[in-house]
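Each chain is listed here by its residues.
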Amino acid sequence: MRSNPSDYEMTALPSLHSTVSLLAREPGVWLPIAGGTDVMVQYAAGKLPARKLVSIWNLPELRRIDVTASEIQIGAGCTYTDLRRHAVVGHEFPLLRSAAGWTGGIANQNRGTIGGNIVNASPAADSLPALLVYEAELILISARGERRISYANFHTGYKKTLLAPDELIQTVCLPRRFLEYYSHTRKVGTRKAQAISKVAIAALGRITDGVIEDVRIAVGSVAPVPLRLKDTEQALNGRAVDATLLLLARRTVAAEIRPIDDIRSTVRYRAAVTGNLVVEFLNRLNLAQAGAERSEANDVLAQWNRLPADEAINAVLPCCGSRAWAEGMVARRPLADEAELLTASNETWRKVSPSDWMEAFRSHPRIGEKKPVMGSSAPGQSVEWSSQEQRDVTDADAAAKTALAEANREYERRFNRIFIVCATSKSAVEILEILRRRLKNGVETELHEAAEQQRQITELRLRKWLQG
Amino acid sequence: MNSERIVGRSVPRKEGRDKVTGRSKYVDDMVLPNMLFGATVRSQIPRGRINKITFGPGIAWDEFVIVSAKDIPGKNCIALIGDDQPCLANEFVNHPEEPILLLAHPDRHLLPKAVEAVSIECEALPAIFNIEESECRSEVIWGENNIFKTYLIEKGDIDGVWSKADFIVEGEYTTGAQEQLYIENNGMIAAFDGAQGLTVWGSLQCPYYIHKALIGLCNLPAEKVRVVQMETGGAFGGKEEYPSMIAAHAALLAMKSGRPVKLIYDRMEDMAATTKRHPSRTRHRTAVTRDGKILGGEIESTIDGGAYLTLSPVVLSRGAIHAGGPYHWPNVRIRATAVATNAPPHGAFRGFGAPQSLFAMERHMDRIAEATGLSPIEIRRRNFLRTGDTTTTEQVVREPIDLGKLLDRGLEISDYHSKKKRFAIQNKGGDTRKGMGIATFLHGAGFTGSGERYLSSVVGVEGCADGSVRVLVSSTEFGQGTKTVLSQIAAEALGLPYDSVSMGQADTLEVPNSGPTVASRTVMVVGKLVQSAALGIKQTLISSGLLSEAYSADEFRAACRRYVSEHHQFRSWSRYEAPADIFWDDEKYRGEAYAAFAWAVYIAEVTVDLTTFSVSIDDFVALQEVGKVLHPLLATGQIIGGVAQAIGFCLYEKVVWQNGRMQNNQMTNYIMPTSSDLPAIRVFFEELGNVYGAYGAKGIGELPMDGPAPAIVNAVSDALGVHFDSVPLLPEDIMDKLDSARLAVAAEEADVGGGR
Amino acid sequence: MNDSGPGPAKVEISFAVNGETKTVRSYPMERLLDVLRRDLGLTGAKEGCGEGECGSCAVLMDGMLVNSCLVPVLQAEASSIVTIEGLSDGETLHILQQAFIDCGGAQCGICSPGMILAASHLLNQNADPTVEEIREGLAGNLCRCTGYSQIVEAVAEAARRRTSA
């Protein structure tokens, strides 16, 4: 800690009114501090020039969210957690909710505020591109009164804003007219969580009759301020998304942004990746809007994509046995082809919990038997697949079968569940060897190995399912 | 007699309760009456002559204790292998952040401004910052030629292989510096009084290293210096040698002021000023036959040691010995060199030279695979060491290790083949590319060659007045489980319940020198001594008639109590004796380098995102043969933790240097993986036993650091069809390499087209 | 609120810590972390980085996980703070603390107080989190020793024990 607390004065006044009165009495003297996730870092590094601070943490006038018919009014003192938890923010302003979710870790989200993010004015700030595309307006308050301005020009230069020395941001207003837009946002940080952005994009778009009707793209960390790519938007409006347009998009983006080399990344990287992000957005926009017309490689998949959710869950459940997995798969529709299906399956499987694994395991018969163990309600298709997979085992001789049965029992005694292995094209002898090896595993290790086997089984079954 | 085995079970961590309740006392948690706080004034330039020191205005300097080199009672150096590193710079500075003055004051908050107010006027001298600059010797900053140490390992007839080769494969591989980034910064408290002498408490791995350093520096006799380890929040080698420096500083302030002094670094200072992993450059030139057998090769390995000798010779040694990997080299020449640069000295970090040279070896194997048209699997299989083969130092592999079978098991667990098949199809389109990568490797546990003999470690086991047993070692706990496993071993040896045995604080007043807590030696080497010292306790009770051969825990307790009441102290000692069949030639660098090697197969599955060029690890299999797993939970935890650090080394942790100083010395900008960045790392063990280790154990603490970086880079190269030869491998580097590859292909195609 | 006179002065700040009301006399910009450790003797919260990156200083403030190195003590006025020392019930460990011991979640222990509080906060919001949700919830707490897997298992195990209790 490189600052001396005794050098700093800090006061907390009971109301917004008394706070702005203080700022009016001594403009430029008192630094407002909300959650402190920026100010306190500078302070600890010995780099906070301000010596007098006024706390605006938890002022009720600032920490509220109001929803009218036409807009949502977010108090500047709302934390990222407040934003993440608000239903309307989540439903109608997903770009902002995502940004709130990847700003720092949970502890910093509980303290950092949207007002602080704006006023700190870092070009890498996570919420700002979203505010730009949502055409935010800010209500600024001072002892002189309120004024409402468009956020579009709020940032005038690197860490410079239109905020007067006696002013605070009171409210961030977002118009409620983006529900019909396709939204896409992505942050490229130095790691997946708790990272400063190297490049970020927030974008909205609408395609009507095959052409872009309205597109808004804002990017962070590639200019002294968060940047709305107006030239690029203009070039894209009214056009269809095709290879030529994507090339044009890359060119206009490259001309609009002004990335730098710094401690986190390079000009070349930022320039290239910004172009890639915009192209990614345009491709997804196109895919989303053209979903119904898109030719799907596979009839089974095409049909499944259109089923109501609970039917879709039941359709795919025999492949795995875990309801949570089936629900996760259904949530990822539409899936275009086998590759997407399998990727979705693996990712979904990685996310479910060990109790979901157990549910999947229970849907199988013991190796060497036909029916699942008592108490499981495995669908008929699952049973049929199990018997196909175990073909080489069922054909094995009596001695091998006996040894396998005995080994199964030992496994069940040790691990309290049946032995799971991807049996396809494995003989009884091979399975027995694998079983014996795995009997020596520790409990956690074995659980993970069984889960991996289940993943392989699921993949095989998905492929069969696609073949109809 | 307790019939249930303790060794081999995951018994509760001895100090676990204190750690989860916040009761553990780390050095900054301790407060002594009348205590001052210390701070260090450091060089802002990489190299120069100190001309003048001025104490600026605005500071009440008479309230401060000020220590300079002139205040050092003994020799101004931190004794380690050499004595070239000053404790405080006197006339010259040789790296940024080099300590020059020490300050102390009762108010911690006044120190930062005071440090800034000291102005050090220097005449700058030209400085060098990397291996190439050091080698070209336009500036000689150390010794005659900037060379700290060299080793030459030769086996067979290396010059004769080239003519017989079907392929000669060359490659150059580099690794960057890495910060240990223990979550607890370095810290010490020192107190001195004329009668009792000097006591230091701190965050440390090796109390007796500090003890040795302080004796010479403070000009005190051995019995007047006491070093006590506090609970230590992570170390990884970063608290092997560095603590001697910070302890020396705290001691000098305490001696000058007559008051206890607490000296704790903040994160920015710790990252900029303390040791890091040695950056490296390794060049391979290998002669290979058509069917993929290595005939021989030359390996040139160079590491950057920073400004002073410190431990570079030993890091170099281990790197050199591991440079050939787990392969049979009928002929080889390994030339290893440690060079000086004007950076803060680089130091110990888990793996200690082996991660660097094994990165090169494992990347090179994939290159050899490509040259010969064999798969990465086949090229390794054909060259693995087998029982009866000799290593590069001509150590005979005596144990029945079957690396081919270990590899097969790894391939099965990771589903390698079917994934490769699937990726071949998937990689034809889309905006991601997937790849699989393998690393097969080994890690020698314990000190190299005659090192253990030289250490001559001593271990004690004590029977206490209440009938319980205490292990007396200078080996320290810093998360890896020392207290737990050494207690397990003693309890097992004595047939007592685990709860009857404890391990005290590492306090040089109380414990013998069982050697430093490094080199993956604690369980294997020190543990074996604990075993024999424990048996000594048992023997004494039996031969004194207080206990019969077969006894219950209660009977033991009663006998022990009786013995102590009669004799007042009850201790049994055991000293290390080198096994008769271990021979090492220090001159030729040949023979049995290590008592035991652990062997491993690591396999990584990665996805490279072509939009952002970032790499995510979708699955990681860590399979290793480790002798015997004494504590499954701890052993697994060590492997996972080591793999995580190595993933950081590979994909995230870049030290940004400018004129010898780390620029990104904050956690915001020096990136280590969070829980969201890592996959579930899957750990598997095999056990062949080990006659030289306690209950058959081999050392495993450093092993997991060696494999992940090459496995991951092999996977990325597999995914993209382009060779990457450096770590850290950031998305920016991947993008740059892909761009150049694309440009090269385009140029080729232009050439082809141009002729028409 | 401030004493009269030139320059900053100490102020009296009251807040609850682990259920007990404490009053301290501090400069308002003292960090909550330092007040807890130095003035109240609660050394469980640690300083790993001083910049809100490592989470080893984390405490619960009004039920929300915060990095105490970034909280000026003035802002803790009238709040309710829970530190690691307040998690166990006398000698009875909290279900998370026991799970951390059983699953190897603590190695060197320096990240453990913050990590356990972060896990407690997570389980209070989400009683049955998936592995991915656990990893996301703990992403602001750095651990250099464990590679996180055994921490994640400890949290999952604690969640299981809580629901089956």
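Values in this document were obtained by computation on a predicted structure and should not be read as measured data.

### As for the overall build of chain B
A tally of helices and strands in chain B yields 19 helices and 28 strands. The C-alpha atoms of chain B give a radius of gyration of 27 Å, which matches the 27 Å a tight globule of 756 residues would have. Overall, chain B is about 95 × 75 × 50 Å in size when its C-alpha atoms are taken along their principal axes. Per-residue burial for chain B yields a buried fraction of 61% across its 756 residues. Considering only intrachain contacts with a sequence separation of at least 6, the fraction spanning at least 24 residues in chain B is 81%.

### Comments concerning the overall build of chain A
A tally of regular secondary structure across chain A gives 21 helices and 14 strands. Taking 23 Å as the expected radius of gyration for a compact globule of 468 residues, we find that chain A reaches 29 Å, considerably beyond that expectation. Counting only residues that meet the buried cut, chain A has 47% of its 468 residues in that class. Of the contacts formed within chain A by residues at least 6 apart in sequence, a portion of 64% connects residues at least 24 apart.

### Concerning the interface of chain B and chain C
Listed by partner, the interface residues are 42 residues for chain B and 39 residues for chain C. Broken down by secondary-structure element, the contributors of at least two residues to the side of chain B that touches chain C are helix 1 (16–21) and helix 16 (632–652) of chain B. In the side of chain B that touches chain C, the residues fall into 17 nonpolar, 17 polar and 8 charged.

### Looking at the domain arrangement of chain A
All names here are of chain A. In terms of domains, chain A is made up of domain 1 (1–179), domain 2 (182–289) and domain 3 (295–468). Distance between the C-alpha centres of domain 1 and domain 2: 26 Å. Facing the 21 residues of domain 1 at the interface are 23 residues of domain 2. Looking at the side of domain 1 that touches domain 2, the elements with two or more residues in it are helix 5 (94–101), helix 8 (128–133) and strand 8 (155–157). The leading source of residues in the side of domain 1 that touches domain 2 is helix 8, at 5 residues. In the side of domain 1 that touches domain 2, the residues fall into 15 nonpolar, 5 polar and 1 charged.

### Things to note about the interface of chain A and chain C
Bring the parts together and some accessible area is lost; that lost area is often taken as the interface size. Residue-level contacts link 30 residues of chain A with 35 residues of chain C. Listing elements by their share of the side of chain A that touches chain C, those giving two or more residues are strand 1 (9–12), helix 2 (39–44) and helix 6 (106–109) of chain A. Of all the elements, strand 1 of chain A adds the most residues to the side of chain A that touches chain C, at 4 residues. Grouping the amino acids of the side of chain A that touches chain C by side-chain chemistry returns 14 nonpolar, 11 polar and 5 charged.

### Things to note about the packing of helix 13 (residues 482–494) of chain B against helix 14 (residues 522–543) of chain B
Each pair of packed helices gets described by two things: the angle between the helix axes and the distance between those axes. Residues and elements named next belong to chain B. The geometry of helix 13 relative to helix 14 is characterised by a closest axis approach of 8 Å and an angle of 35 degrees between their N-to-C directions. The way helix 13 lies across helix 14 gives a crossing that is right-handed. Contacts from Thr-482, Val-485, Leu-486, Ile-489, Ala-490, Ala-493 and Leu-494 in helix 13 reach Thr-522, Val-523, Gly-527, Val-530, Gln-531, Ala-534, Leu-535, Ile-537 and Lys-538 in helix 14. Counted by class, the contact of helix 13 with helix 14 contains 11 nonpolar, 4 polar and 1 charged residues.

### Focus on helix 5 of chain A
Residues and elements named next belong to chain A. Of all 8 residues in helix 5, 6 are buried, a share of seventy percent or more. Here helix 5 has its buried residues at Leu-95, Leu-96, Arg-97, Ser-98, Ala-99 and Ala-100. Considering only its buried residues, helix 5 is in contact with helix 3 (80–85), helix 4 (87–92), helix 6, helix 8, strand 11 (182–189) and strand 12 (197–208).

### Some points on the nonpolar core
Ranked by internal contacts, the top residues of the largest apolar core, which has 394 residues, are Ala-190, Ala-250, Ala-251, Ala-490, Val-530 and Ile-712 of chain B. When residues of this core are assigned to their parent elements, the largest contribution, 13 residues, is made by helix 16 of chain B. Ignoring sequence-local partners within four residues, the contact set of Ala-190 of chain B consists of Leu-198, Val-200, Ala-247, Ala-250, Ala-251, Leu-253, Ala-254, Pro-260 and Val-261 of chain B. With 35 residues, the next largest nonpolar core counts Phe-361, Val-393, Phe-419 and Ile-420 of chain A among its residues.

### Digging into the sheet that holds strand 13 (residues 211–220) of chain A
Residues and elements named next belong to chain A. Strand order in the open sheet formed by 4 strands is 11-12-13-14, and the pairing between neighbours is antiparallel. Whereas interior strands pair on both sides, the edge strands pair on one side only; in this sheet they are strand 11 and strand 14 (227–228). In this sheet, strand 13 lies alongside strand 12 in antiparallel orientation, the contact comprising 9 bridges. Note on strand 13: the bridge partner recorded for Ala-202 is Ala-218. Strands in contact with helix 5 are strand 11 and strand 12; relative to strand 11, the strand with the most contacts, it is inclined by about 20 degrees. Packed on one face of the sheet, helix 11 (residues 267–289) meets strand 11, strand 12 and strand 13 and runs near 30 degrees to strand 12.

### Some details on the domain arrangement of chain B
Residues and elements named next belong to chain B. Splitting chain B by domain gives domain 1 (16–24 + 451–575), domain 2 (31–125 + 186–264) and domain 3 (280–448 + 589–738). The C-alpha-based centres of domain 2 and domain 3 are spaced at 37 Å. The partner domain 3 presents 19 residues to the 17 residues of domain 2 that form the contact. Tallied by class, residues from the side of domain 2 that touches domain 3 come to 6 nonpolar, 6 polar and 5 charged.

### Things to note about the sheet that holds strand 3 (residues 65–67) of chain B
Residue and element names in this part refer to chain B. Taken in spatial order, the 7 strands of this open sheet run 3-5-1-12-9-10-11, and their pairing is mixed. Since the sheet does not close on itself, it has two edges, and those belong to strand 3 and strand 11 (225–229), each with one partner. Across this sheet, the average inter-strand angle for adjacent strands is 25 degrees, counted without regard to direction. Examined bridge by bridge, strand 9 (residues 187–193) and strand 12 (residues 261–264) share 4 bridges and lie antiparallel to one another.

### Topic: the environment of Leu-311 of chain B
Residue and element names in this part refer to chain B. Along the polypeptide, Leu-311 turns up in the loop between strand 14 (294–304) and helix 7 (312–322). For the pair formed by Leu-311 and Glu-241, sequence separation is 70 residues and the distance between their alpha carbons is 7.9 Å. Aside from chain neighbours lying at most four places away, what touches Leu-311 is Leu-80, Ile-81, Glu-241, Gly-347 and Ala-348.

### Considerations on the packing of helix 2 (residues 95–103) of chain C against helix 3 (residues 112–125) of chain C
Residue and element names in this part refer to chain C. Contact geometry of helix 2 with helix 3 gives a least axis separation of 10 Å together with a crossing angle of 125 degrees. As summarised for this structure, helix 2 and helix 3 are arranged oblique, according to the angle between their axes. The hand of the helix 2/helix 3 crossing is right-handed. Across the interface between the two elements, Leu-96, Gln-97 and Phe-100 of helix 2 pack against Ser-112, Ile-116, Ala-119 and Ser-120 of helix 3. Residue composition of the contact of helix 2 with helix 3, grouped by class: 4 nonpolar, 3 polar and no charged.

Scoring rules and cut-offs
Residues numbered from 1 in each chain as written. Chains lettered and ligands numbered in written order. Predicted model: local features only at pLDDT ≥ 70, side-chain atom pairs only at ≥ 80, totals over all residues. Helix = DSSP H or I, 4+ residues; strand = E, 2+ residues; numbered from the N terminus. Rg over C-alpha atoms; globule rule 2.2 N^0.38 Å. Buried ≥ 20, exposed ≤ 12 C-beta atoms within 10 Å, placed from the backbone. Contact = placed C-beta atoms within 7 Å. Nonpolar A, V, L, I, M, F, W, Y, C, P; charged D, E, K, R; others polar. Domains from an automatic or database assignment. Axes fitted to C-alpha atoms, helices over the stretch in contact; angles between N-to-C directions. Left-handed = near helix turned anticlockwise from the far one by under 90°. Core = buried A, V, L, I, M, F, W, Y, C linked by C-beta atoms within 7 Å. Pairing = 2+ DSSP bridges. Parallel < 35°, antiparallel > 145°, perpendicular 65-115°, else oblique.

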